Amino acid sequence: MIKPAYLKKGDLVGIVSTARKVSLEELQPAIQLLKSWGLEAVIGKTIGAEEHQFAGSDSLRTADFQSMLDNRDIQAIWCARGGYGTVRIIDKLDFSEFKKSPKWIVGYSDVSVLHNHLHTLGFESLHAQMPVEIEKKTGATKETLRQALFGEDFEIAYSYTRDSRSQPGIGRGQLVGGNLSILYSLCGSPSALDTEEKILFIEDVDEYLYHIDRMMQNLKRNGYFENLAGLIIGGMTKMNDNTVPFGKTAEEIISEIVSGYNFPICFDFPAGHIEDNRALIMGREVVLEISDLEVKFSYK
């Protein structure tokens, strides 16, 4: 995988929205955070733009992101927020200049469209907190983002109470994945993942439990768990249920579907739509070590 150049003080970071509308006022804490790191924000034309729920029309969002991709003075593109809309523009983007001068693409949730597409092109990207509500996130959320952008080493470790869902073991491979709904929606497209001998990360928010089951069944039928090196489940938050309950939690649904595989599995990983949303370098070789009481995640 090709690694974009790490940032240094004085570098420019473009902020655009590929999905839902967002105001400049909402981004002020993030702009100040970049400034505290010695970086300068360059605000895209989609910030403050509006077309229904989107940050402007598809053509505006495409052109705004394209201009940041092509501008060699911009060292990273930080997607302002998620929601929905990135898939509407992905096939209109031209990555020719990006391939000549790659830069970090940063975000999560709906931005998983970009992470998965970039992975198929052979580039690393950064699954991390977006500018919206960054002031409400943990110190580790912000610090791992800074460390990843500036090329500083870090690892993620946490303890848990042993239960039947987790599966101890050691897995090594490229980190792939992101939002489960996005992975599901990309199946069969040019942006779909090849997960063989890789570490798959998934998270989601505000989904119905039956749909979690449907999406996981679909990934299974598409071979996502065959020859997988490891599975990481992050935040599965604000789940919904029907009047007639599904009968299982999101974690129980996932555990049941992958129970027949031998790869290591961990739950409650600190990433996703949660307060502690650690940065993850997608495409990077990682080591996932799961013991009876601890999970350790590090980069090779």
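Predicted model, so just to flag it, every value in this text is computed and none were measured. Here the residue numbering is sequential within each chain, running from 1 through the sequence in written order. Where totals are concerned, whole chains, interfaces and linings use all residues; where local detail is concerned, this predicted model gives features only for residues with pLDDT of at least 70, and gives and counts side-chain atom pairs only at 80 or more. For side-chain calculations, the full set of non-hydrogen atoms in the structure is used, while hydrogens and water are omitted.

Trainee: Let's hear about the pairing of strand S4 (residues 104-107): which residues, and what values?
Mentor: Residues Trp104 and Val106 of S4 are buried on one face, and the alternating residues Ile105 and Gly107, pointing to the opposite face, are buried as well. One requirement defines pairing of two strands: DSSP has to find at least two bridges between them. Secondary structure is summarised from DSSP: a helix means a run of H or I of at least four residues, a strand means a run of E of at least two, and numbering begins at the N terminus for each. Both strand S3 (residues 74-79) and S4 contribute to a ladder of 3 bridges, which runs parallel. Bridge pairing in S4 places Ile77 opposite Ile105. When S4 meets strand S5 (residues 125-127), the two strands line up parallel, connected through 2 bridges. From the neighbouring strand, Gly107 faces S5, where its bridge partner is His127. Handedness of the β-α-β unit built from S4, helix H4 (residues 112-121) and S5 comes out right-handed. A 1.4 Å probe rolled over the protein chains alone gives each residue an accessible area, and that area as a share of the maximum for its type sets the label: buried under 20%, exposed over 50%, partly exposed in between. Viewed with both strands pointing away, a crossover whose connecting path from the first strand over the helix to the second turns clockwise is right-handed.

Trainee: Can you tell me about empty space enclosed by the protein, naming the residues and giving the values?
Mentor: The probe, sized like a water molecule, is rolled over the atoms to show the empty space still left. Buried and open spaces are told apart on a 1 Å grid over the protein atoms alone, a cavity being a set of points where a 1.4 Å probe fits but cannot get out and a pocket being an open set with protein on both sides within 12 Å along at least five of seven lines. Residues with an atom within 4 Å of a point are the lining residues. Grid points are joined across faces, edges and corners, and a volume is the space filled by probe spheres set on the points. Enumeration according to the criterion identifies 2 cavities of 30 Å³ or more in this entry. In this structure, the largest cavity occupies an estimated 50 Å³ of space. Of all elements in the fold, only S3 and helix H5 (139-150) reach the threshold of two or more residues within the lining of the largest cavity. Broken down by element, the residue count for the lining of the largest cavity peaks at 3 residues, all from S3. Residue composition of the lining of the largest cavity, by class: 9 nonpolar, no polar and no charged. Taken as a whole, the second largest cavity holds about 30 Å³ of empty space. Listed by contribution, the elements that provide at least two residues to the lining of the second largest cavity are H4 and strand S7 (169-179). Only Asp, Glu, Lys and Arg are considered charged in this grouping, and only Ala, Val, Leu, Ile, Met, Phe, Trp, Tyr, Cys and Pro are considered nonpolar; every other residue, Gly among them, is considered polar. When grouped by side-chain class, the residues that make up the lining of the second largest cavity number 4 nonpolar, 5 polar and no charged.

Trainee: Please provide a residue-by-residue account of the sheet that holds strand S13 (residues 294-299), values included.
Mentor: Read from one edge to the other, the open sheet built from 7 strands follows the order S6-S13-S12-S7-S8-S9-S10, with strand pairing classed as mixed. The sheet terminates laterally at strand S6 (156-159) and strand S10 (265-266), the two strands that pair on one side only. Here strand S12 (residues 285-290) runs beside S13; their pairing, made up of 5 bridges, is antiparallel. In the strand pairing of S13, Glu289 is matched with Lys296. By the convention used here, residues are in contact when the closest approach between their heavy atoms is within 4.5 Å. Note on geometry: axes are lines fitted to C-alpha atoms, helical ones only across the stretch in contact, with angles between N-to-C directions running from 0 to 180 degrees. Those strands touched by helix H8 (residues 250-257) are strand S8 (199-205) and strand S9 (230-237), and its axis lies near 160° from that of S9.

Everything listed is a geometric property; what it means functionally is a separate question.
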